[in-house]
Each structure stands twice: as structure tokens, then as C-alpha cells.
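# Observations on the three-dimensional arrangement
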Amino acid sequence: MTGGARQGVPIPATEPFRFCPADGTKLGEPRPSGGVACPRCGRSWYRSSVPAVGAVIVENGKALVTVRAREPEKGRLDLPGGFLKVGEHPADGLVREIREELGVEAEVVGDSVLQATHTYGEGGDWVLAIGFRVRIVGGEIRPADDVAGVRWVSLEEIDDLDFAWAHDRELVRAALEGEHA
Ligand SMILES: [Zn+2]
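It should be emphasised that the depicted structure is a prediction, and the values quoted were computed from it without experimental measurement.

## Concerning the overall build of the chain
Looking only at helices and strands, the chain has two helices and nine strands in total. Here the C-alpha coordinates of the chain stretch approximately 55 × 30 × 30 Å along the principal axes. Residue burial in the chain is summarised as follows: out of 181 residues, 22% are buried. For the chain, the share of sequence-separated contacts (at least 6 apart) that also reach a separation of at least 24 residues comes to 58%.

The following block contains the structure:
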């Protein structure tokens, strides 16, 4: 048996691993640090938040938000971005996601403007979201299939918008306030 499920009951992603994700060996009690070592392969396993990046593209004092074309949270607003690949630098991952979602070349402006932890959906895995201000450096916006459309929004209206995730609203606020500072 591999993975975390036993008798069809999923183990919450916050609980220590019970089986080695690499070879399926049953694991013992975790150390006080939360890590648990596999007696077979010797690797130690920890539960962590999954890193993701989000972009606020700012032009003329307005921020670009995207309309989700797919579940979860179809029809609500979010931001360009997504989960990082293994070993990928956050800025590189963000440029890649923007290219995939909007068809434009972009570059990160300055340091991260917001970090937030949240769960991805009800009872979902924990995510560490890292937000950046971004500018488009080439191309015309052509949304991909998972983006229903884009809107340019001002600081004054963001409290009334239907964001899928609260941290995206705060990321837009941080980026636009930084722009006005
Ligand atoms: Zn192992």
C-alpha cells in the first residue's frame, strides 16, 4: 500500500505521513520537528505548504484581474499565477504562468509585495502564496482556455469585487497602494 489513504478515508494534509511517499514503507512516530524518517530509504518527510505565485499586472494605476473559466470557483476573480515547479525560482514561475495564461511576456517589478497562507478549497492542501507586482514587456493579451476574460480594476473598487480568494484582493491592494506611494 502506498500513499495516505486507508479504507477510503483520506488523511488530512496537515498530519504527518504514515507511509513513505517514495517506497510505501510504513513509517513510525514523527520527531518533535514533525519530520518522520523512512527506515527503508532513509529519507525524512515533512508536511509543508505548497508554494504558489501570483501576479498583479499594473498599468495606468489599474490592476489586471482574471475571470476563472473553470472550477473551482468558476466565474469568480483571481490573478494570473499558479504553483511552482520543482526547483523553479518564483520570478521564473510567474513569468511562465503569465505566458501560459495571457500569452504575453512579463517581468517582475521589485520584491514580493505580499505573502499569505491559505487552503486551496475547503479542506484542501495548504498553500504559501507569494505575490509580486509585474509589468508586461511584450505581446498582446490573449487569454488561454482556463481564463474567461480579464478586467482592469482600480483601488477604489476592489472591496466590491468577487474574488475567489481573499488573499488575491489583499495582493491587488498592496500592489496598487505601492504604485500610488
Ligand atoms: Zn522510504
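## A look at the nonpolar core
The biggest cluster of nonpolar side chains holds 27 residues, and the ones touching the most others in it are Ala55, Val56, Ile57, Ala63, Val134 and Ala175. Broken down by secondary-structure element, the contributors of at least two residues to this core are strand S3 (50-59), strand S4 (62-68), helix H1 (90-102), strand S7 (105-119), strand S8 (126-138) and helix H2 (166-180). Beyond its immediate chain neighbours, meaning those up to four positions away, Ala175 contacts Val56, Val58, Ala63, Val113 and Arg133.

## Observations concerning unusual backbone geometry
Between Glu71 and Pro72 the backbone carries a cis peptide bond, its omega angle lying at 0 degrees. Topologically, Pro72 is positioned in the loop between S4 and strand S5 (77-78). In this structure, Asn60 is a non-glycine residue whose phi angle is positive, near 50 degrees. Positive phi, close to 65 degrees, is recorded for Glu73, a residue that is not glycine.

## Points about the domain arrangement of the chain
On domain assignment, one finds that the chain holds domain 1 (11-47) and domain 2 (50-180). Relative to domain 2, the C-alpha centre of domain 1 lies at a distance of 33 Å.

## Considering H1
Compared with an ideal rise of 1.5 Å per residue, which puts 13 residues at 18 Å, H1 spans 18 Å between its outermost C-alpha atoms and is within 8% of the ideal. Looking only at H1, the buried set comprises Leu94, Val95, Glu97, Ile98, Glu101 and Leu102. One face of H1 carries all of its buried residues, which in axial projection span an arc of 165 degrees. Elements in contact with the buried residues of H1: S3, S4, strand S6 (81-83), S7, S8 and strand S9 (147-153). In the stretch just after H1, Gly103 is the one whose phi turns positive, near 75 degrees.

Parameters at a glance
- Residues numbered from 1 in each chain as written.
- Predicted model: local features only at pLDDT ≥ 70, side-chain atom pairs only at ≥ 80, totals over all residues.
- Helix = DSSP H or I, 4+ residues; strand = E, 2+ residues; numbered from the N terminus.
- Buried ≥ 20, exposed ≤ 12 C-beta atoms within 10 Å, placed from the backbone.
- Contact = placed C-beta atoms within 7 Å.
- Core = buried A, V, L, I, M, F, W, Y, C linked by C-beta atoms within 7 Å.
- Domains from an automatic or database assignment.
- Expected span 1.5 Å × (residues − 1).
- Arc of directions from axis to C-beta.

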